[in-house]
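# Commentary on secondary and tertiary structure
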Amino acid sequence: MFKHPDRFANKHVRNREDDSKPGRQSNGKMPLFSRLTENLAYIKNELGDSPDIIVRKFEIGTSQTAAGAVYMDGITDKNMVNQYILQSLMLDADSRHLDQDQSVLSYINDNALSVGEVFILKDWDSVILAVLSGDTVIFIEDTDEAISGNTKGGEQRTISEPSTQVVIRGPKDGFTESIGTNVSLIRRRIKSPNVRLEPFKIGTETKTAVAIMYLQGKVENSLVQELRNRLQHIRIESLTGSEHLEELIQDQKMTPFPTLTNTERPDAVTNHILDGRIVIFVDGTPFNLIAPITFFKNFQSVEDYYMRPEAAAAIQFLRYASLLISLFGPSIYIAAITFHQEMIPTPLLLSLAAQRESVPFPAFIEALMMEFTFEILREAGIRMPRAIGQAVSIVGALVLGQAAVEAGIISSAMVIVVAITGISSFANPTYSMALSIRLIRFLMMVAAALLGFYGIAILSIILIAHMCGLTSLGVPYMTHIAPFVPEDQRKTLYGLPLTKKAEIPQTFAIPSENETNGETDSSPPASSASHTEGRPS
Amino acid sequence: MSKPTAISPTQLFAMIILFEFGTALVLPIGMAPGPNVWLSILIAMPGGILLYLLLAYFAKQYPSLNLSGYIQKIVGVYIGWPISLLFILIFIYISSRNLREAGDLLIASSYDQTPLAVVHAAMIIPVIYVVYKGVNVLFRVGEIYLIIMLALGALSFIATLMSGAIDLKNLLPVMGEGWIPTLKNAYPNIFLFPFAELFCFATIMPHFKQKQIAGRTGMIAIITSSVLLSLTHALEVTVVGADVYTRATFPLFTVISTVKAAEFLQRLDAIVILALIIGVFFKMTMYAYAAAAIAADIFRFAEQRSLAYPIGAVILLVSIMSAWSYPEHSTEGSRHLLSLHPFFMVILPVLLLIIHLIRKRFSHNRPA
């Protein structure tokens, strides 16, 4: 199965070439030569006479027709090339069947080549692309067409447990770097004929295979169309990962918030597809994009699906609480210490004042220093080799924290605040969201230092207004709450876990807001019913 | 991004409630705040509903037109244009008054070292930002903040209940001075502020697509908000007593300062401040938006969002320069409440309705 994981991507590439061939040839696409030696020489030259290009000349069967096979070492499956291409052409082909009205090419195509996918190529662009994607291309003497067989293979990472999104109870497989494998992982989970897969090729140099997958009937067509448009309008030289693609297709560029999410878990993608979202696979990365998402989706983990509903709801609540702590923790401390001492209960205030007596800095500077140190430690911990990394962060934090308090530079309350803030930001299941919260936390601290709670309130209004202005594939980012979707709320209340029942299909019925009213009223029951049925139990 | 702008009924509901809360939640309302304010609010409510229905009726008659649009349709461009211009000024002025009230409470409560201009400037930034972002964002923010506001309200209500500071006897005697003061406080005072102020929603009605339920949604929102307002003011009287309530500059603040529950919730002042900031923000932004919408309409601006900057700047300046002190601001407020408010928010709309009905009748008789 995994010998040819790229089959899907390859097919798409080929199909597109075939579709556009007549037009492109008249557009000045360079046709093949008819002489074999010229063809072989040209392709070698075109690929810079690279040592990993293998050119094999031979004669077809017992006939005297000369032919040449070209493939690239390393990305082809050697066994396939030997067994299904060279052997079948050189030994098994029986030229007695080769009558006069049939060309050698169509004979090979119909009778001799025992590979699954075979295409006839007419211009150099498609030949070179085929060779570079791991196919074997066969040129035949006196023929200005070539034939390609799918022999993709070579070394690939096997499916292993995802390293970034760990769950306690749930499937252990994760996506790999191969788009074909990734698609197959989803195909195996959703055996529905309604699953649609649409291929794209992005990047003039990298020609990266990109595919969108969705469940027909669950997704509003306008959403799919919008995504198609965006993908088709990307003009770029190289696409090296889904982060890059995310940047290219997101709705608003000027925002710290991720408006597309990514996952390396096939079970998460499956749930997203069944909930009516679109998945964007990118070849070469295990992280695949999901759109459209809402802000609240970032606080759900696929783990929620594997827990008891009550526990899942409680844990989600916990995540929102940790969001608030990691966003407001240090700034509330700064505001309370600097502007609103009267709000702190007196005994606590006394103990805080005693601690701060020896501290020479204002609370803001103190907090900034500690937060900054914490961020450095965290970054160092990630980049260091695994064995040292943890030691660095733990020892660094303990030693620095304790020493700073004892030296009277920092109050111990501040260490607690920074620590709880840091831990809270780890509780966020979406890494990219946690990153933006980290950034905004510093802004909050500045606002708190300038104007106390008033500053925090003002910045929060701006922040919420900013989030309300965001859209993900045209769907408002704060959907569920703003615009408020009563249907979803009801599901939230009746079936407790937010992840299980309060999913977004309802919301997606409002792609453009001017259609919202009136029409949604009639559609909800039907779509919500089909939604629950479609879920695997 | 050019997006179709449409407001959902929930959003309208949320915004009306937030708008009504505005400063009315924190400030004493009515000219002569007495222990019966809670009753006056309920008595003034029907007037507010009628006025709202009037603007919902206009919205139905002229579905795609702004306030200035139908003023010009009804009385003609030559009278309608200057009236619309005056509306811009009125809206900017009220917006700046709201800002001043918030700024003064903030300074009185915990920012006595901070200059007024800084407090005001900080507040105007989100206003400009949201007006710039457009009506859709404004109303979405409203939905989120309604939830926050209700949560804050519930928290302080429970804390007040638990603190045991409530003494229902403080509410008695109900109407100890007879019907007249209570009624007088309701009409015109409370009717004008905050109910008549809803008239600025006329400028967002073109964005509300389900015109047939505009009236119903607004009515439910007005009833909800007046019941909550009435409850709050009644609660204030029960906690601090009629005497203190009448004299306090910011009664809710005084009330919350006295609440001590469970050794833990000691100082809920921040909640009042937060409620005030939120309320004032929405009220100001609504007015600023209304001013921008009318200005864009009568001066034929294609890009309404760019008006957010000048209007924000003017609001900021007016808020700082209109009065030297809070008492002066307050006195001026009662003067304008009895002169400008009735004319622009009540008399003018009723006149418009009459002229509109006459014209309609007239044109019906004519074979079209």
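Values in this document were obtained by computation on a predicted structure and should not be read as measured data. (Residues numbered from 1 in each chain as written. Chains lettered and ligands numbered in written order. Predicted model: local features only at pLDDT ≥ 70, side-chain atom pairs only at ≥ 80, totals over all residues. Heavy atoms only, no water.)

## A look at the overall build of chain B
The helix and strand inventory of chain B stands at 12 helices and zero strands. Of the regular secondary structure in chain B, the N- to C-terminal order runs α-α-α-α-α-α-α-α-α-α-α-α. Counting only residues that meet the buried cut, chain B has 59% of its 368 residues in that class. Taking contacts inside chain B between residues at least 6 apart in sequence as the whole, the part at least 24 apart equals 86%. (Helix = DSSP H or I, 4+ residues; strand = E, 2+ residues; numbered from the N terminus. Buried < 20%, exposed > 50% of the residue type's maximum accessible area, 1.4 Å probe, protein only. Contact = heavy atoms within 4.5 Å.)

## Description of the overall build of chain A
Of regular secondary structure, chain A possesses 19 helices and 12 strands. The buried share of chain A, reckoned over its 537 residues, is 54%. For chain A, long-range pairs separated by at least 24 residues make up 69% of all intrachain contacts whose partners lie at least 6 apart in sequence. Surface summary for chain A: the accessible area is close to 24,000 Å², and the carbon and sulfur share equals 59%. (Areas by Shrake-Rupley, 256 points an atom, 1.4 Å probe, with all protein chains shown as cover.)

## Considering the sheet that holds strand β1 (residues 53–59) of chain A
Residue and element names in this part refer to chain A. Here five strands make up an open sheet; going across it, the order is β1-β2-β4-β5-β3 and the pairing antiparallel. Among the strands making up the open sheet, the edge pair consists of β1 and β3 (118–121). Taken pair by pair, the neighbouring strands of this sheet meet at an average axis angle of 25 degrees, ignoring direction. Where strand β2 (residues 66–72) and strand β4 (residues 136–140) come together, four bridges link them in antiparallel fashion. Note on β4: the bridge partner recorded for Ala67 is Ile140. Where helix α5 (residues 124–132) meets the sheet, it contacts β1, β2, β3, β4 and β5 (146–149), and its direction lies at approximately 135 degrees from that of β4. (Pairing = 2+ DSSP bridges. Axes fitted to C-alpha atoms, helices over the stretch in contact; angles between N-to-C directions.)

## Observations regarding the interface of chain A and chain B
Contacts between the two partners involve 34 residues from chain A, matched on the other side by 36 residues from chain B. Note on chain A versus chain B: buried area summed over both sides is about 3,100 Å², and carbon and sulfur give 70% of it. The interface formed by chain A and chain B includes zero salt bridges. The interface formed by chain A and chain B contains nine residue pairs in polar contact (both at pLDDT 80 or more). Elements with a minimum of two residues in the side of chain A that touches chain B: α15 (431–469) and α18 (513–522) of chain A. With 14 residues, α15(A) is the single largest residue contributor to the side of chain A that touches chain B. (Buried area = accessible area lost by both parts, 1.4 Å probe. Salt bridge = Lys/Arg side-chain N within 4 Å of Asp/Glu carboxyl O. Polar contact = N/O pair within 3.5 Å; in protein donor to acceptor, adjacent residues only side chain to side chain.)

## Considerations on the nonpolar core
Membership of the largest hydrophobic core comes to 204 residues, with the highest contact counts inside it found for B:Phe91 and B:Phe201. Sorting elements by how many residues they give to this core places helix α10 (residues 269–298) of chain B first, with 23 residues. Excluding its chain neighbours within four sequence positions, the residues that come into contact with B:Phe91 are B:Leu67, B:Cys200, B:Thr203, B:Tyr287, B:Ala290, B:Ala291, B:Ile294 and B:Met345. Formed by 23 residues, the second largest nonpolar core is a distinct cluster that contains A:Val224, A:Ile280, A:Val282 and A:Ala291. (Core = buried A, V, L, I, M, F, W, Y, C linked by side-chain atoms within 4.5 Å.)

## Quick notes on the side chain of B:Asn66
Looking at the element boundaries, B:Asn66 is found in the loop between α2 (37–61) and α3 (67–75). In contact with B:Asn66, other than residues within four places in its own chain, are B:Ala202, B:Thr203, B:Pro206, B:Ala293, B:Ile294 and B:Asp297.

## Observations regarding helix α14 (residues 412–426) of chain A
Given a rise of 1.5 Å per residue, 15 residues ought to cover 21 Å, and the 22 Å separating the end C-alpha atoms of α14(A) matches this to within 8%. Within α14(A) the residues assigned to the buried category are A:Ala413, A:Met414, A:Val417, A:Val418, A:Thr421, A:Gly422, A:Ser424 and A:Ser425. (Expected span 1.5 Å × (residues − 1).)

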